[in-house]
Structure formats: C-alpha cells, structure tokens
Amino acid sequence: MTLVSGEAFGDLFRSFERTAFRLEPRERYNSPGEQEPLRRFLAGEPDDLGWNRPWLDLMAEHAAKRKFVHRVRVVSVPLSEYSRFGLWCAQFALQAGEDIRYLDRARAQGLPQDDYWLFDSKWAAVLRFDDDDVLLGAEIVTDPATVAELAAGRDDAWHRAVTRDQFLASLAGSRAPE
C-alpha cells in the first residue's frame with residue numbers, strides 16, 4: 001500500500017472540484033503541529049491561531065469559490081481534553097467556511113471505522129495512523145464500490161450529526177469550550 005503524505009497530501013485539498021467530506025471517528029489525533037496549541041488551550045493561554053492559519057485561509061478560499069468542505073467528528077461524552085480543544089478550534093474553521101458537525105460516539109454504531117476524506121464522491125483518501133495516533137499518510141481509493149460505501153457512510157454520519165452549537169447546547173453543564 002502506497003501512502004500519500006507531506007506536500008502531496010496537502011495537494012489533495014487543492015485538487016477537488018466541489019465537495020470534500022471528512023469522517024473523524026478517532027478519539028484523538030497526535031499531530032506534532034497541534035501539541036503546543038493544545039498545551040496552551042489546556043493552560044487557558046491565548047492563541048493567535050498562526051499554526052492553523054494555512055487551513056483557515058484555504059477554507060475561506062474554498063468558500064469564496066463555492067467549494068464545500070464538510071466534516072463529522074465522532075466524539076465520546078464526556079469530552080476528552082483533545083475533543084474539547086477540537087470543539088474550540090471548530091469555531092474558527094466554521095467562520096472560515098468549513099461545516100463541522102458532531103456526533104456522540106454512543107450514536108455512531110454502524111459507521112465506517114476508518115478516518116477518511118471523500119472528494120467529489122469520486123475518490124477517497126483513507127487516513128492511516130501509527131499506534132500513537134500520528135498520521136502516516138493517506139491511501140488513495142478510487143474503486144467505485146469502496147467509494148460508494150464511504151459515500152453512504154458520509155450520508156449516514158451527516159444525517160445523525162448536529163451543528164457545533166447544537167452539540168454545545170447538549171453538553172450544558174460540562175467543561176466544553178465556548
């Protein structure tokens with residue numbers, strides 16, 4: 001299996017025509033670029049989001065071109081520290097034009113277990129991680145039957161998920177970030 005990573009992985013987000021969707025079923029992602037921002041978030045320190053600016057700018061560029069990026073995050077409740085951080089970060093991605101929804105893991109039975117991006121419902125990038133939740137790269141999938149299965153997973157997840165604001169409201173009283 002050949003994995004796409006680095007700049008070639010980044011190119012995936014500039015090559016789709018109309019829609020990109022991600023299903024995030026993992027409990028956490030151990031991204032080296034997020035370690036310091038996560039530490040600052042947990043310590044209640046300010047963050048200028050410089051580390052996330054390239055993604056936010058890309059989301060704004062896509063929104064201006066009427067290209068749509070959607071995501072469903074499957075999270076355990078109560079939220080882990082990492083999920084609280086992701087919920088906080090989502091507000092900025094939403095402002096930039098990405099649409100992020102949330103699904104309580106208790107309601108996610110039957111969804112695909114793989115983390116993937118689906119582009120234009122034509123091809124997918126199935127993400128592969130090591131045992132420490134570090135992204136190794138993406139396996140590009142073009143087989144029509146597999147793509148159709150992932151598209152069905154997207155539709156199922158999307159219909160079960162709720163907006164960030166709805167999810168925050170459902171967590172009333174927890175330690176969720178505002």
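Refer to the structure presented above.
Presented here is a report on the structure given in the accompanying data block.

Reading guide: rules and limits
Residues numbered from 1 in each chain as written. Predicted model: local features only at pLDDT ≥ 70, side-chain atom pairs only at ≥ 80, totals over all residues. Heavy atoms only, no water. Phe/Tyr/Trp six-rings, centres within 6.5 Å; stacked < 30°, edge-to-face > 60°. Helix = DSSP H or I, 4+ residues; strand = E, 2+ residues; numbered from the N terminus. Buried < 20%, exposed > 50% of the residue type's maximum accessible area, 1.4 Å probe, protein only. Lys NZ or Arg CZ within 6 Å of the ring centre and 35° of its normal. Pairing = 2+ DSSP bridges. 1 Å grid on protein atoms, 1.4 Å probe; cavity = no way out; pocket = protein on both sides within 12 Å on 5 of 7 lines; lining within 4 Å. Points joined across faces, edges and corners; volume = space filled by probe spheres on them. Polar contact = N/O pair within 3.5 Å; in protein donor to acceptor, adjacent residues only side chain to side chain. Axes fitted to C-alpha atoms, helices over the stretch in contact; angles between N-to-C directions. Parallel < 35°, antiparallel > 145°, perpendicular 65-115°, else oblique. Contact = heavy atoms within 4.5 Å. Nonpolar A, V, L, I, M, F, W, Y, C, P; charged D, E, K, R; others polar.

For the rest of this paragraph, the subject is the packing of aromatic side chains. In this structure the tally under the stated criterion is 18 aromatic pairs. With a centroid separation of 5.9 Å and 40° between ring planes, the pair formed by F16 and F119 is classed as tilted. With F16 in the loop between α1 (6-15) and β1 (19-24) and F119 in strand β4 (residues 116-119), the pair connects residues that are 103 residues apart, well separated along the chain. Here F119 falls in the buried class, since its relative accessible area comes to 0%. Each ring, one from F41 and one from W88, has its centre 5.6 Å from the other, and the planes form 35°; the classification is tilted. A residue pair is termed long-range when its members are at least 10 positions apart, and F41 in helix α2 (residues 35-43) and W88 in helix α4 (residues 81-96) qualify at 47 residues. As far as the burial class goes, F41 and W88 line up, both buried. In this structure an aromatic cluster arises from ring pairing among Y29, F41, W51, Y82, F85, W88, F92 and F129. Against the face of F129 rests R26, its NZ or CZ located 4.0 Å from the ring centre.

Moving on to the pairing of strand β3 (residues 99-104). The pairing of strand β2 (residues 68-75) with β3 spans 6 bridges and is parallel. What sits directly across from H70, in β3, is D99. The sheet contact formed by β3 and strand β7 (residues 162-163) spans 2 bridges and is antiparallel. Across the sheet, R101 pairs through a bridge with T163, a residue of β7.

Approximately 1200 Å³ is the volume found for the largest pocket. If you trace the largest pocket, you find 44 residues lining it, with R22, S31, E34, N52 and R71 closest to the centre. Secondary-structure elements contributing two or more residues to the lining of the largest pocket are α1, β1, α3 (53-64), β2, α4, β3 and β5 (123-129).

To continue, consider the environment of Y116. When you line up the elements, Y116 lands in strand β4. Residue Y116 is classed as buried on the basis of its relative accessible area of 0%. Counting along the chain gives 10 residues from Y116 to V126, while the straight-line C-alpha distance between them is 4.3 Å. Only 3.2 Å separates the side chain of Y116 from the backbone nitrogen of R154, close enough to count as a polar contact.

A separate point is the packing of α2 against α4. Geometry of a packed helix pair, given as the angle between the helix axes and the separation of the axes. Interhelical geometry of α2 versus α4 gives an angle of 95° and a closest axis separation of 10 Å. It follows from the interaxial angle that α2 and α4 lie roughly perpendicular. Residues P37, L38, F41 and L42 of α2 pack against E81, Y82, R84, F85 and W88 of α4. Looking at side-chain class alone, the contact of α2 with α4 contains 7 nonpolar, no polar and 2 charged residues.

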